[in-house]
Amino acid sequence: RKRAEEEAAKRQGENEEKIKLAEERKQQVIDGRVENISTQMNEKSKRAADTRRQEEERTKEKGDHINAKIRLAEERRENIIREQQELLQAKSTQKERVVIDKQ
């Protein structure tokens, strides 16, 4: 009977050890899943930040391109105005010469 009790106690200890090991493995699996989820979230966050940065760069480039077009248009406008003024001045000078020549 004593031997049976010792055997039962030994089996109970073994079973408790197996249960403990199984719980540790289960916790490791859970920890692994949590770490995997955390890693995935970090990667998604990084991709989102990269995408946002790229969009900001594209927006800035588009803005720079538009500003350059505006500057060119303003320069063309100023050149046209200057040319018209020069042409008007030249015509005015020509008229003055004609008037002087007639006198």
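What counts and how
Residues numbered from 1 in each chain as written. Predicted model: local features only at pLDDT ≥ 70, side-chain atom pairs only at ≥ 80, totals over all residues. Heavy atoms only, no water. Helix = DSSP H or I, 4+ residues; strand = E, 2+ residues; numbered from the N terminus. Rg over C-alpha atoms; globule rule 2.2 N^0.38 Å. Buried < 20%, exposed > 50% of the residue type's maximum accessible area, 1.4 Å probe, protein only. Salt bridge = Lys/Arg side-chain N within 4 Å of Asp/Glu carboxyl O.

Undergrad: How do you make sense of the overall build of the protein chain when you look at a structure like this?
TA: Secondary structure summary: the protein chain contains one helix and zero strands in total. In terms of overall size, the protein chain is more extended than a compact globule, its C-alpha atoms giving a radius of gyration of 44 Å where 103 residues would be expected to give roughly 13 Å. A burial count over the protein chain gives 0% of its 103 residues as buried.

Undergrad: Sorry if this is basic, but what is going on with the environment of Ala-9 here?
TA: Looking at the secondary structure, you find Ala-9 in helix 1 (residues 2–102). What makes Ala-9 partly exposed here is its relative accessible area of 47%. Separated by 55 residues in sequence, Ala-9 and Asp-64 have C-alpha atoms that sit 81 Å apart.

Undergrad: Mind showing me how you'd approach the environment of Glu-96 here?
TA: By secondary structure assignment, the location of Glu-96 is in helix 1. Residues Glu-96 and Arg-25 lie 71 residues apart in sequence; the distance between their C-alpha atoms is 105 Å.

Undergrad: Explain the pattern of salt bridges to me, please; I cannot follow it from the model alone.
TA: For side chains of opposite charge, pairing can occur when their charged atoms come near one another. Taken as a whole and judged by the stated rule, the model has seven salt bridges. A salt bridge links Glu-7 to Arg-11, with the nearest nitrogen and oxygen atoms 3.8 Å apart. You can see Glu-7 and its partner Arg-11 sitting in helix 1, four residues apart, about one turn around the helix. With relative accessibility at 34%, the residue Glu-7 sits in the partly exposed group. A relative accessible area of 49% means that Arg-11 is categorised as partly exposed. Residue Lys-46 is joined to Asp-50 by a salt bridge in which the shortest nitrogen-to-oxygen separation is 3.2 Å. With Lys-46 and Asp-50 both in helix 1 and four residues apart, the pair spans about one turn of that helix.

Undergrad: Where do I start with the environment of Arg-1 in this structure?
TA: Of note, Arg-1 is situated in the segment before helix 1. With 13 residues separating them along the chain, Arg-1 and Glu-14 place their C-alpha atoms 20 Å apart.

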